[in-house]
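Examination of the molecular architecture
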Amino acid sequence: MNFSGQQKQLVKPPQRGIFPLDHDGECKQKMKSYLACLDKEKRNHYKCRELSKEYLQCRMDRDLMAKEDLDGLGFSKGSEIKYTPESAEGQKAAEGFIAGKHIEKPRKWFWQS
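Residues numbered from 1 in each chain as written. Predicted model: local features only at pLDDT ≥ 70, side-chain atom pairs only at ≥ 80, totals over all residues. Heavy atoms only, no water.

1. Structural notes on the side chain of Arg49
In plain terms, the rule: Put simply, DSSP marks the helices as runs of H or I at least four residues long and the strands as runs of E at least two long, and each gets a number from the N terminus on. Two residues qualify as a contact provided that any one of their heavy atoms is within 4.5 Å of a heavy atom in the partner residue.
Structurally, the position occupied by Arg49 is in helix H2 (residues 49–61). Contacts of Arg49, omitting those with residues within four sequence positions, involve Gly74, Phe75, Ser76, Ser79 and Glu80.

Structure representation (structure tokens):
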């Protein structure tokens, strides 16, 4: 008996993200080369873009994931990421950033006049 008064919920699987595991290791070499590239490039995934594309294509060719246009997965010519020597992450810390220093005038609390 359902005391909460709610109807039984219908559970839908996600559109992407669930696919058979590669038990036979058909695409294992492509996966390893992609992961090695990530390690070499300090996790900058955009430098390993072609290897990622090859790995996904391998999975699609062997029915380990749904066949989909690679442009829809972010591999179109217009979606390429332009490499910058250093990302903005960590740049402020390297320059000696102090939090709150950009505030021009000191602010008073509500009880101060």
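Having seen the structure, we can now continue with the description.
2. With respect to the state of the cysteines
Selection criterion: Sulfur atoms of two cysteines make up a disulfide when they are within 2.5 Å. Buried, partly exposed and exposed residues are distinguished by accessible area as a fraction of the type maximum, computed with a 1.4 Å probe on protein chains only: under 20%, between the cut-offs, and over 50%, respectively.
Using the criterion set out here, one finds two disulfides in the structure. There is a disulfide in this structure between Cys27 and Cys58, and the S-S distance comes to 2.1 Å. Across the S-S bond linking Cys27 and Cys58, the dihedral sits near -90 degrees, which makes this disulfide left-handed. Pair noted here: Cys27 is in the segment before helix H1 (28–40) and Cys58 is in helix H2, with a separation of 31 residues, a long-range link. We note that Cys27, like Cys58, is buried.

3. Some thoughts on the confidence of the model for the protein chain
Heads up, the rule is: Scored from 0 to 100, pLDDT records how confident the predictor is in each individual residue.
Model confidence for the protein chain is summarised by a mean pLDDT of 78, while 65% of its residues fall at 70 or above. Put simply, helix H3 (residues 91–94) is where the protein chain has its lowest mean pLDDT, 68, and H1 is where it has its highest, 94.

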